[in-house]
Amino acid sequence: MDFQFPPERRRRVLVNTDSKNEADDQFAIVQALLSPSLEMRGLIPAHYGTRKTDRSMLESRREIDLVLELMEWTDRVVVANGAASALPDEVTPVESPGADLIIEEALADDERPLYIAFFGPLTDMASALLIDPSIRDRNVVVVWIGGGRWPTGGNECNLSNDIHSANVVMRSRVQVWMIPTPVFWQTSVGYAELLERVYPVGELGKYLVEQLVDWNARFVNAPIEYRALGDSPAVGVLLNPDCGRYTMHPAPEFADDMTYVHTGAHRPIRVYETIDSRFILEDFFAKVTRFGRNRNAIPESLQRLADGREFPPSIKS
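Every chain is numbered on its own, with residues counted from 1 as its sequence reads. In keeping with the model being predicted, local features are shown solely for residues with a pLDDT of at least 70 and side-chain atom pairs are shown and tallied solely at 80 or more, while totals for entire chains, interfaces and linings include all residues. With hydrogens and water excluded, all non-hydrogen atoms of the structure serve as input to the side-chain values.

Report on the overall build of the chain, specifying residues and quantitative values.
Each helix is a run of DSSP H or I of at least 4 residues and each strand a run of E of at least 2, with the numbering of both proceeding from the N terminus. Regarding its fold elements, the chain presents 12 helices and 11 strands. The atom set for the radius of gyration is the C-alpha atoms, and the globule formula is 2.2 Å times the number of residues raised to the power 0.38. The C-alpha atoms of the chain give 19 Å as radius of gyration, which agrees with the globular expectation for 317 residues (20 Å, within 12%). Summary of the burial criterion: residues with accessible area below 20% of their type's maximum are buried, those above 50% are exposed, and those between are partly exposed, where the area comes from a 1.4 Å probe applied to protein chains only. When each of the 317 residues of the chain is scored for burial, the buried share is 56%. Two residues qualify as a contact provided that any one of their heavy atoms is within 4.5 Å of a heavy atom in the partner residue. Summarising the internal contacts of the chain: among those between residues at least 6 apart in sequence, 79% fall at separations of at least 24. Surface exposure of the chain reaches about 13,900 Å², of which carbon and sulfur atoms provide 50%. Calculation of accessible area relied on Shrake-Rupley with a 1.4 Å probe; when residues are assessed, cover is drawn exclusively from the protein chains displayed.

Structure below.
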């Protein structure tokens, strides 16, 4: 059976993702797409700075297109490119189709809130607010994977890629649910579990696992057989807002060194302190398994892997 939700009960969702920055966005994208309670209004590829490439947004777009191709969902989901770079300051937007999509959905004649999940920097949200300030008073909820350890802060990747945009959003009136470090680190999953529960699910599962293992091999300087699926908590709280303990605090600002500046001058935001990682991971495993089974996507060669008789080449080495 499949669960059916009436349109008025589904959450309207946009996902903004720096999907080629690391190896966990892909899992969160798939989980969001496979969640029947979420009405996916679009995917927005985001930049992730210039440390790795000067084409980071386009690399994110390519990764989104690949995931949709592996799911055979190409053309089933709106994809609107986000900004190619960070804001130059706190008053100048970077215009993009992604920012336009945020504005369009925020102003839509729909009584339901618009949830926008950000797996990377807040550039496109800040740009949308600067282009059309009226959306700050719409029923918009920004769910952000970002910010250092609460309440002190410090270096954090998503924030580092656009501090200006984070300050614009925090000083605005939109609702914010922030999932900071180390809360999003609480979603670790081991290679053995990925091999058993994701790798057998057709070409999609194979790709998700192998690109994660490859990323660790190239960028982690120690033996490692796990990965924190750090963007998945954003999907978890969309599915279940009580998927963790949170407290309300006046929105902070951010100094250049990414520490929090607690002025007390801004409206309260939700700051998650814990996350239910097993709910999130088990929900993903079940959905991707059902997706593969319903599509008859497990070839015999991958079934042998699931039975423990062989391993992917990237893991053998």
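Following the structure, the description resumes.
Tell me about the pattern of salt bridges, and please be specific about residues and values.
The working definition used for a salt bridge is a side-chain nitrogen of Lys or Arg within 4 Å of a carboxyl oxygen of Asp or Glu. Using the criterion set out here, one finds 22 salt bridges in the structure. Note that arginine 12 and glutamate 105 form a salt bridge whose closest N and O atoms lie 3.3 Å from each other. Here arginine 12, found in strand S1 (residues 11-17), pairs with glutamate 105, found in helix H3 (residues 97-106); they are 93 residues apart in sequence, far enough to count as distant. Like glutamate 105, arginine 12 is buried. One network of salt bridges, with partners in common, ties together Arg12, Glu39, Arg41, Glu105, Asp110 and Arg112.

Tell me about the nonpolar core, residues and numbers included.
The term nonpolar core refers to a set of buried residues drawn from Ala, Val, Leu, Ile, Met, Phe, Trp, Tyr and Cys, joined through side-chain atoms within 4.5 Å. Core analysis: the largest hydrophobic core is formed by 58 residues, its most contacted members being Leu43 and Met71. Ignoring sequence-local partners within four residues, the contact set of leucine 43 consists of Val15, Ile29, Ile64, Leu68, Val77, Val78, Val79 and Ala80.

Before we move on, could you go through the pairing of strand S4 (residues 140-145) and cite the residues and values that matter?
Judged by how many residues are buried, S4 sits mostly within the fold: 6 of 6 residues are covered. In this description, strands pair whenever DSSP reports at least two bridges between them. As paired elements, strand S3 (residues 114-118) and S4 share 5 bridges and run parallel to each other. Directly across from alanine 117, in S4, lies its bridge partner valine 143. The pairing of S4 with strand S5 (residues 175-179) spans 5 bridges and is parallel. Residue pairing for S5: valine 142 is matched across the bridge by valine 176.

Any details on the side chain of aspartate 24? Residues and values, ideally.
You can see aspartate 24 is positioned in the loop between S1 and helix H1 (25-33). The charged side chain of aspartate 24 is buried without a salt bridge, its nearest counter-charge being arginine 227 at 4.1 Å. Looking at aspartate 24, its side chain comes within polar contact range of the main-chain nitrogen of glycine 230, at 3.0 Å. Leaving out residues up to four positions away in the same chain, aspartate 24 has contacts with Arg227, Ala228, Leu229, Gly230 and Asp231. Only four residue types enter the tally: Lys and Arg on the positive side, Asp and Glu on the negative side, with His and both chain ends excluded. A 3.5 Å cut-off defines polar contacts: any pair of N or O atoms within that distance qualifies, except that in protein one atom must be a possible hydrogen donor and the other a possible acceptor, and neighbouring residues in sequence count only when both atoms are side-chain atoms.

Explain the packing of helix H4 (residues 123-131) against helix H6 (residues 163-171) to me, and be specific about the residues and the numbers.
In this analysis an axis means a line fitted to C-alpha atoms, helices contributing only their contacting stretch, and an angle means the value between N-to-C directions, from 0 to 180 degrees. Closest axis-to-axis distance for the H4/H6 pair is 8 Å, and the angle between their directions is 55°. Viewed along their axes, H4 and H6 adopt a mutual orientation that is oblique. The interaxial crossing formed by H4 with H6 has left-handed handedness. Two secondary-structure elements touch here, H4 through Thr123, Met125, Ala126, Leu129 and Leu130 and H6 through Ser165, Val168 and Val169. In terms of residue class, the contact of H4 with H6 is built from 6 nonpolar, 2 polar and no charged. The scheme is simple: roughly parallel for angles under 35 degrees, roughly antiparallel for over 145, roughly perpendicular for 65 to 115, oblique for anything else. Left-handed describes a crossing whose near helix is turned anticlockwise from the far helix through less than a right angle; right-handed describes the clockwise counterpart. Basically, the charged four are Asp, Glu, Lys and Arg, the nonpolar ten are Ala, Val, Leu, Ile, Met, Phe, Trp, Tyr, Cys and Pro, and anything else, Gly included, counts as polar.

Please set out the environment of aspartate 110 residue by residue, giving values where relevant.
You can see aspartate 110 is positioned in the loop between H3 and S3. For the pair aspartate 110 and glutamate 8, spaced 102 residues apart in the sequence, the C-alpha separation amounts to 9.2 Å.

How would you summarise H4 if you had to cite specific residues and measurements?
With 7 of 9 residues buried, H4 lies mostly within the body of the structure. When we look at burial in H4, the residues that qualify are Thr123, Asp124, Met125, Ala126, Ser127, Ala128 and Leu129. As for H4, its buried residues are in contact with S1, strand S2 (38-45), H3, S3, S4 and H6.

Outline unusual backbone geometry, supporting the account with residue identities and numerical values.
With omega at 10°, the peptide bond leading from tryptophan 150 into proline 151 counts as cis. Along the polypeptide, proline 151 turns up in the loop between S4 and helix H5 (157-160). Proline 182 follows threonine 181 through a cis peptide bond whose omega is 0°. Looking at where proline 182 falls in the secondary structure, it is placed in the loop between S5 and strand S6 (188-190). Look at glutamate 72: it is not a glycine, yet its phi comes out positive at around 60°. Along the chain, the position of glutamate 72 falls in the loop between helix H2 (56-71) and H3. We note that aspartate 75 has phi near 75°; this positive angle belongs to a residue other than glycine.

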